[in-house]
Amino acid sequence: MSDAHSSENIVTSEDDKYMIRCENLVKIYKTDEIEVVALQGLDLDVERGELMAIVGNSGSGKSTLLNMLGGLDRPSAGSLTVDGKNLLKFSDKDYMDYKRNTVGFVWQNNARNLIPYLTAVQNVEMPMILKGKKQRRQRALELLEKVGLSNRRNSRLDQMSGGEQQRVAIAIALANQPKLLLADEPTGSVDTKTSNVILDIFKELNRTEQITVVIVTHDVKLARHIDRVVAIRDGRTSSEIIRKRSYAEDLSEMNDTGEEDDEAVREELVVLDRSGRLQLPKDYMESLGIRGGDKVKVELDGENERMFLFKSG
């Protein structure tokens, strides 16, 4: 019988700094009449203890990736390792153990996070009950304090706001002390002020708990507050938006309107996959007047170590 810690599922590597490693990751959904390629050779590395965001339009593959990282869906091909474990070799039991012990998940829809007839503290205790943990009440109260809800511990779902429900959901996801926390549009149904509160909680948990946090979002404003943002397009890693300075450093240097200078603070980099392929940003393609399938000319300036791209003809 296999388990999530069996030797066949553990990837040994000299480089142990990564919590997530995806290489040429493929996911294909098949029915009797159609075949859909949701991920087509995606590469992604996430370091242990990192907080990062994944952005992309509907159908880009970001939700598919999140489901595979959460153990909710199986990869079709390629390589996917989380915490040194090879998910492509997982049995059903491995996946069950993985979801209980390695990963925590915060859904956008609170109905998937919370049991409505239980109080906040009872909801947080539930994952620990399923795992047979002791001292559940103490741990649940500690987590509610971390998300700022000690005063709502005895409140039920219908007695809490949407933002409060989402904070309880974060506490639930942390109940079994996972190494990886995944959040699917965690601020999608709350206002801007509440969104900032929730993001601050993720940042604080990332700092104090040393937990790796991956947030999937379409909210560009939310992504601006995160130091590393990976954009996915057409099932591949397209670009990365890197902050030149940390968000905390920029708070004191905002302009008179209270807004950041995007160009001064962030830099977008196109990502080469391990086969040397890249995706040009759409605005670059529009500027060059090129479309998918067009032929382009690439020239290398060896003296200045630069590459130039021209539309052919």
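Residues numbered from 1 in each chain as written. Predicted model: local features only at pLDDT ≥ 70, side-chain atom pairs only at ≥ 80, totals over all residues. Heavy atoms only, no water.

Asks: I'd like a description of a nonpolar patch on the surface, backed by residues and values.
Replies: The grouping of Tyr29, Ile34 and Val36 at the surface amounts to a nonpolar patch, some 250 Å² of accessible area in total. As for its position among the elements, isoleucine 34 is in the loop between strand 1 (18-30) and strand 2 (35-47). Judged by relative accessible area, which is 49%, isoleucine 34 ranks as partly exposed. (Patch = residues over 30% accessible without salt bridge, like charges linked within 9 Å, V, L, I, M, F, W, Y side chains within 5 Å. Areas by Shrake-Rupley, 256 points an atom, 1.4 Å probe, with all protein chains shown as cover. Salt bridge = Lys/Arg side-chain N within 4 Å of Asp/Glu carboxyl O. Helix = DSSP H or I, 4+ residues; strand = E, 2+ residues; numbered from the N terminus. Buried < 20%, exposed > 50% of the residue type's maximum accessible area, 1.4 Å probe, protein only.)

Asks: How would you sum up helix 2 (residues 92-101)? Please name residues and give values.
Replies: Inspection of helix 2 places Asp94, Tyr95, Asp97 and Tyr98 among the buried residues, and these make up the whole buried set. For helix 2, the angular spread of the buried residues around the axis is 165 degrees, confining them to a single face. (Arc of directions from axis to C-beta.)

Asks: So, helix 5 (residues 162-173): which residues are in play, and what are the values?
Replies: The end-to-end C-alpha distance of helix 5, which contains 12 residues, comes to 17 Å, matching closely the 16 Å that a straight helix rising 1.5 Å per residue would cover. Every buried residue of helix 5 is accounted for by Gly163, Glu164, Gln165, Gln166, Arg167, Val168, Ala169, Ile170, Ala171, Ile172 and Ala173. The inward-facing, buried residues of helix 5 contact strand 6 (103-106), helix 3 (120-131), helix 4 (136-146), strand 7 (180-184) and helix 6 (192-209). (Expected span 1.5 Å × (residues − 1). Contact = heavy atoms within 4.5 Å.)

Asks: Residue-level account of unusual backbone geometry, with values.
Replies: In this structure, asparagine 24 takes a positive phi of about 50 degrees despite not being glycine. Within the fold, asparagine 24 resides in strand 1. Positive phi outside glycine occurs at glutamine 210, with the angle close to 55 degrees.

Asks: Describe in detail the packing of helix 5 against helix 6, supporting the description with residues and values.
Replies: Packing of helix 5 against helix 6 brings their axes to within 10 Å, and their N-to-C directions diverge by 15 degrees. When the axis of helix 5 is compared with that of helix 6, the two are roughly parallel. The handedness of the crossing between helix 5 and helix 6 is right-handed. Seen from helix 5, the contacting residues are Gly163, Gln166, Arg167 and Ile170; seen from helix 6, they are Thr194, Val197, Ile198, Ile201, Phe202 and Leu205. (Axes fitted to C-alpha atoms, helices over the stretch in contact; angles between N-to-C directions. Parallel < 35°, antiparallel > 145°, perpendicular 65-115°, else oblique. Left-handed = near helix turned anticlockwise from the far one by under 90°.)

Asks: Now, about the sheet that holds strand 2: what can you tell me, with residues and values included?
Replies: Taking strand neighbours across the sheet as the criterion, the 4 strands line up as 2-1-4-5 in an open arrangement whose pairing is antiparallel. In this open sheet, the two edge strands, each paired with only one partner strand, are strand 2 and strand 5 (85-86). The pairing of strand 1 with strand 4 (residues 77-82) spans 5 bridges and is antiparallel. Within strand 4, the residue paired with isoleucine 20 across the bridge is valine 82. Together, strand 1, strand 2 and strand 4 form the strand contacts of helix 1 (residues 62-69), whose direction differs from that of strand 1 by roughly 115 degrees. (Pairing = 2+ DSSP bridges.)

Asks: Hey, could you go over the pattern of salt bridges for me, with residue numbers and the actual values?
Replies: Enumeration according to the criterion identifies 16 salt bridges in this entry. The closest approach of N and O atoms between lysine 27 and aspartate 73, which form a salt bridge, is 3.2 Å. Here the residue lysine 27 occupies a position in strand 1, and aspartate 73 occupies one in the loop between helix 1 and strand 4, the gap between them amounting to 46 residues. Here lysine 27 and aspartate 73 have matching classes, each one buried. Measuring nitrogen to oxygen at the nearest pair gives 3.8 Å for the salt bridge that ties aspartate 158 to arginine 156. Take aspartate 158: its relative accessible area is 61%, and that puts it in the exposed class. Through salt bridges that share partners, Asp16, Arg48, Asp83, Lys85 and Lys179 make up one connected network.

Asks: How would you summarise the nonpolar core if you had to cite specific residues and measurements?
Replies: In this structure, Val124, Leu144, Val168, Ile170, Leu181, Phe202 and Ile215 are the most contacted members of the largest nonpolar core, which totals 39 residues. Elements that contribute at least two residues to this core include exactly strand 3 (51-55), helix 3, helix 4, helix 5, strand 7, helix 6, strand 8 (212-216) and strand 9 (228-233). Ranked by residues supplied to this core, first place goes to helix 5 with 6 residues. Beyond its immediate sequence surroundings of up to four residues, leucine 181 is in contact with Gly104, Phe105, Val106, Ala173, Leu174, Phe202, Ile211, Thr212, Val213 and Val214. (Core = buried A, V, L, I, M, F, W, Y, C linked by side-chain atoms within 4.5 Å.)

Asks: Requested: an account of the packing of aromatic side chains, with residues and values cited.
Replies: Under the criterion given, the structure shown has 3 aromatic pairs. Where phenylalanine 90 meets tyrosine 95, the ring centres are 5.1 Å apart and the plane angle is 80 degrees; that geometry is what we call edge-to-face. Here phenylalanine 90 and tyrosine 98 contribute two aromatic rings whose centre-to-centre distance is 5.7 Å and whose plane-to-plane angle is 70 degrees, an arrangement assigned as edge-to-face. When sorted by exposure, phenylalanine 90 lands in the same class as tyrosine 98, which is buried. Members of the aromatic cluster, joined through ring pairs, are Phe90, Tyr95 and Tyr98. Lying across the ring of tyrosine 29, lysine 27 places its NZ or CZ 5.0 Å from the centre. (Phe/Tyr/Trp six-rings, centres within 6.5 Å; stacked < 30°, edge-to-face > 60°. Lys NZ or Arg CZ within 6 Å of the ring centre and 35° of its normal.)

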